[in-house]
Structure formats: structure tokens, C-alpha cells
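As a plain string of letters, each chain reads:
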Protein chains: 2
Amino acid sequence: MTKVIIIGSGNVAQHLIVAFQNSQKMGTEIDLIQVFSRQKESISHLLDLDKITDDLATLEEADLYIIAVSDDAIAAVSSQLSFKNRLVVHTSGSIPLNALDDDNRKGVFYPLQTFTKHKEVDFKTIPICLESENATDFQLLEKVAKIISDKVFAINSEQRKALHVAAVFVNNFVNHLYQIGSEICQENQVPFEILKPLITETAQKIMILSPEKAQTGPAKRNDSATIKAHEAFLSNENYLKIYKILTQSIQHNGKKL
Amino acid sequence: MTKVIIIGSGNVAQHLIVAFQNSQKMGTEIDLIQVFSRQKESISHLLDLDKITDDLATLEEADLYIIAVSDDAIAAVSSQLSFKNRLVVHTSGSIPLNALDDDNRKGVFYPLQTFTKHKEVDFKTIPICLESENATDFQLLEKVAKIISDKVFAINSEQRKALHVAAVFVNNFVNHLYQIGSEICQENQVPFEILKPLITETAQKIMILSPEKAQTGPAKRNDSATIKAHEAFLSNENYLKIYKILTQSIQHNGKKL
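Remember, predicted model here, so these are calculated numbers, not experimental data.

Basis of the calculations
- Residues numbered from 1 in each chain as written.
- Chains lettered and ligands numbered in written order.
- Predicted model: local features only at pLDDT ≥ 70, side-chain atom pairs only at ≥ 80, totals over all residues.
- Heavy atoms only, no water.
- Least-squares fit on C-alpha atoms with pLDDT ≥ 70 in both.
- Contact = heavy atoms within 4.5 Å.
- Buried < 20%, exposed > 50% of the residue type's maximum accessible area, 1.4 Å probe, protein only.
- Helix = DSSP H or I, 4+ residues; strand = E, 2+ residues; numbered from the N terminus.
- Pairing = 2+ DSSP bridges.
- Axes fitted to C-alpha atoms, helices over the stretch in contact; angles between N-to-C directions.
- Buried area = accessible area lost by both parts, 1.4 Å probe.
- Salt bridge = Lys/Arg side-chain N within 4 Å of Asp/Glu carboxyl O.
- Polar contact = N/O pair within 3.5 Å; in protein donor to acceptor, adjacent residues only side chain to side chain.
- Nonpolar A, V, L, I, M, F, W, Y, C, P; charged D, E, K, R; others polar.

**Student:** Explanation requested: the relation of the copies chain A and chain B in the structure shown.
**Tutor:** You can overlay chain A on chain B at an RMSD of 0.0 Å; the transform is a turn of 180° with a shift of 0.0 Å along its axis. Taken together, the rotation and translation describe the operation of a two-fold axis. Among all C-alpha atoms of chain A, that of V174 of chain A lies closest to the rotation axis, at 2.7 Å. The overlap is high: 100% of the interface residues of chain A also sit at the interface in chain B, so the same surface is used on both sides.

Pasting the structure below:
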């Protein structure tokens, strides 16, 4: 059995706890032996109290320690561990491997997904990006990752940085455009519901076409009459600025203006 | 039976032809009696040649004429019709009802979706936005629309303009952000595949949460260290500009800066 300990109790930690427990029920080789949480109650609905600790000094011996805390707490938490030369990984897209303390063997176990509290996800479909300092540790990470996910990738810190920036564009920024669309609807007494099938299809389309080939709209076909009408319609200066810069970017096919 | 004629042979026209034919097979009240196409061959795979005409002067008598041509051809096509006082509608999101010729009764039959050639869509899930000059015509449009779709809305020209601008944000602009994400991946030897589950989940999330509540990321949590690192990473000035303006917009919650 591979003994795993999770340090943290936030969104990622909770989804990992559930994924490991589900895999355990199916008789796989993972044993989630302990979870650290500053407030035991925050995860007491997920596992037995005797498996939860609120004291880092009482962490048991394990094959893998997964630090799933906020980005700015990773370095500090890793330096507070009282053991040496064990495998300690973090789960962040934006923190380099070297942020972890030198006392232990470092690694990254980054599940690339947006986790929502109380919304179940199928962990099998979530890509897990792995990094380690040596091949043996990588094999262990790969074994653990493959038990909970069908999509496991070796991604170094430099690649992970690119991936994280790209994720900001396709997740955070895309969601903000949904919000702008929703607000334009609200301001004009149109139900946002009408746009939801379009939003779904836009995301589905690029599963079979490249985004470049999937591109449509007035900017793509240089329809200046429609673009002018839209610009005249947008009374919110911020939306107008975003409309103009993204229209230009499409017209220049993403290249520098 | 409600006799329908489609004028046009592009993406929207072809998807409507298929939807009407499928509904006909199920014994509904629609009879697609004729389609106009400048090149008969372009739609000969969809219906019998004797139902296709390439001469507007030979259009038969029908209850509803649906002009599904490019935006800038709608006015001209509607003015070339040789009959009077029949119900003639267009399918465009960005053209007002009044662009249609005064000789006939005007209407709009706007299916709000992105249509891809050779990719089937379930028309039942596509919102159809209707507008007409009088209640009787609206009833006929509603009857026809409800046969092919479960989501039928009354949307006037002013609302439709708002909807079309909003659609540009959630479809055209979102797709462009997918392209930027894809290019950042390519430039850094990371498979774009890794981001696809995130893209799917981002779209699904707002089916149960408002986009405002679904917003996450460094801009939302004012994580200036990560924002600075991302800005330093982006060597493409155009991407950097987009990153900055969308980050600011999220930080100001979409309000004017």
C-alpha cells in the first residue's frame, strides 16, 4: 500500500480526499492515512476524526505528503514539517517546485481543474500534472495519480507556469466574459438563459476543431458595419474597451498589433 | 399544414432544412415546400431537386418565407420578392426587422447558436428569438418555432441587438481566448488537451452558478504576486494587453475603471 497524507482542507484538498477515498473503496493501492486541517470540523464530514490532525508535529510516516493549501502558504507549511528526506509535493499551478523546503524530496501534483464546493467532479477526467526531482519519486507520483485520473502528464515548472497563464485565459477570463454577457442581457431585459446553449456549444466546438478554425463573428469576417453598431451600443466604457481590444486581436489573429 | 419556404443555402439555412425535414418525418404540421439556392447543387444532398429553385421569381405560395442569407444580403433579397403581403422573416441576430422590404409582412426568426458545417446540432435545445409586426404573425412563427425547438422567446429588435452583442462576448471573444490559451501552450510545448476539461467545466459551472459567483483566479483574489509573474511571462504584447485589461475588469467587477 502507498500511504498518503493530505495537508490542507480547502477545495482541492477536499476533492482529493473524496477521490482517494473512492479509489480505496475500489480496492486500489492507496491508503489515505491522515489529513491535516487547522480546524478539524471543516473536514469531519469527509473522514473519521481519528484520521484528522490539527498539529503538524503529529503527522505520521507516509510515502507521500500532499500540501494542498493556498499558494502563499506552501513554502511556510513545507518548512514546518518535522521530518526529513520524505516525498512532499504541492498542488499549485503557479508555484515552482523549488518553493518547497530543502529538507524533503520535492514534487508537484497539480490537478488542473476549477473546483467548486459542493459540486462533484469526476476526478478520472481531470488532468494531473506531475513533477519531481528524481525518477523514483516520479514513478510513485505517477502510480498515485493514475489511480484517481485517466490523464496524467509530466510537466516541469516552466511548462506549468505557461499552463497556468493559459488557464487564466480559458477559465478566469472566459468566465468574466460570461459575466459581461450576463450583464448586457440584464440591462436590456433579456434572459441570460438564451445564451447558455451557445456557451455550451462554443466550448464543445473546440473539442473537434482548433480554436482558430472555430472562430466566427463580425471581427473574423471584418464586418465593420456590425462592429460599429456594437461599439455604439456599448455604453459601459470598460466593456467597450474590451470589445475593441478583442476585436482587434481577432482581426490580427492574435499577433502583436 | 403550414407551408414554409427557405431562401438561402448557407449554414443556418442547411440546419433549418434538416430540422424541418426531421419534424416532417415525425408527422408535424410543417411542410417545407421549397428552398431557394443560387447553386442548386449546394443543397441537393439535403432535399429533392424539384424542391430547389435558383430563381426567386418561381417561388411558390407559402405561409412563411424564411430568408437565411448573409446579413448584408437580407434587404436586397427581400426587395426582390415578386409577391406582396405575405409573411417574410430573416434569421439574423444583428439586422433589425425594418431592414426587410415593406411590400410584405415582416418578422424575425433568429436561432441563437453557432452552426458548424457537418456538425449536427440538436435543434430542440436551440433558443429561437421571434419578432413580428402583429399578433397573428407571431402566433404562426411561434407555432413553427415550437415544432423544432423547446426554447422559443419573444425578442424585439432592440433586445436582439443586446443579445447579439452579448453573444459576441460569450462566443466570438471566448473562442479567441481559447485560441490564445492554445498558442501559449504550443509555444511552451504543452499539449492544449490538458486544458480541455477545464474549458468544459468553466462552461458547465455557470449553468448552476452565476458567472459572478463562479469567478476565481488571481485577479479575483487580488493576488498581485501571481499577476506580476504572469505579466512578466507574457512576451506577446497583445496577450499582455488583454491580460491587463481583463484582470483590471475582474478587479473592478466589470464596472467602469
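Here the narrative resumes.
**Student:** Mind showing me how you'd approach the pairing of strand β7 (residues 128–132) of chain B here?
**Tutor:** Side-chain direction in a regular strand flips from residue to residue, so the side chains alternate between the two faces of the sheet. β7 of chain B sits mainly inside the fold: five of its five residues count as buried. Neither face of β7 of chain B is left uncovered, since the one carrying I128, L130 and S132 of chain B and the one carrying C129 and E131 of chain B both have all their residues buried.

**Student:** Teacher, can you tell me more about the sheet that holds strand β4 (residues 64–67) of chain A here?
**Tutor:** The strands making up a sheet are joined through hydrogen bonds of the backbone, oriented either antiparallel or parallel. All names here are of chain A. Here eight strands make up an open sheet; going across it, the order is β3-β2-β1-β4-β5-β6-β7-β8 and the pairing mixed. Both edges of this open sheet fall to β3 (52–53) and β8 (152–154), since each of them pairs with a single strand only. Here β4 pairs with strand β5 (residues 87–90) via three bridges, running parallel. Opposite I67, over in β5, you have H90 as the bridge partner. Lying over the sheet, helix α1 (residues 11–25) contacts β1 (2–7), β2 (30–36), β4 and β6 (105–111), oriented at roughly 150° with respect to β2.

**Student:** Got a minute to help me understand the sheet that holds strand β2 (residues 30–36) of chain B in this structure?
**Tutor:** All names here are of chain B. Pairing in this open sheet of eight strands is mixed, and the strands run β3-β2-β1-β4-β5-β6-β7-β8 from one edge to the other. The strands lining the two open edges of the sheet, one partner per strand, are β3 (52–53) and β8 (152–154). Direction of pairing for β2 relative to β3: parallel, over a ladder of two bridges. Along β3, the bridge assignment pairs V35 with I52. On top of the sheet, helix α1 (residues 11–25) reaches β1 (2–7), β2, β4 (64–67) and β6 (105–111); it is set at about 150° to β2, its chief contact. Sheet contacts for helix α3 (residues 135–148): β1, β2, β4, β5 (87–90), β6, β7 and β8; angle to β7, the most-contacted strand, approximately 165°.

**Student:** What is the right way to read the interface of chain A and chain B from this model?
**Tutor:** When the parts of a complex come together, some accessible area is lost, and that lost area is often taken as the interface size. Listed as interface residues are 92 residues of chain A and, on the opposing side, 92 residues of chain B. Taken together, the two surfaces of chain A and chain B that pack against each other cover about 8,600 Å², and 70% of this comes from carbon and sulfur. A per-residue breakdown of the area chain A buries against chain B is headed by F169, V170 and I194 of chain A, which together make up 8% of the total. The tally of links from chain A across to chain B stands at one salt bridge. As a salt-bridge pair, D71 of chain A and R221 of chain B come within 4.0 Å of each other at their nearest N and O atoms. Applying the counting rule to chain A against chain B returns 26 residue pairs in polar contact (both at pLDDT 80 or more). Listed by contribution, the elements that provide at least two residues to the side of chain A that touches chain B are α4 (157–187), α5 (196–205), α6 (211–214), α7 (224–233) and α8 (237–251) of chain A. No other element matches the 27 residues that α4 of chain A contributes to the side of chain A that touches chain B. Considering only residue class, the side of chain A that touches chain B consists of 47 nonpolar, 30 polar and 15 charged.

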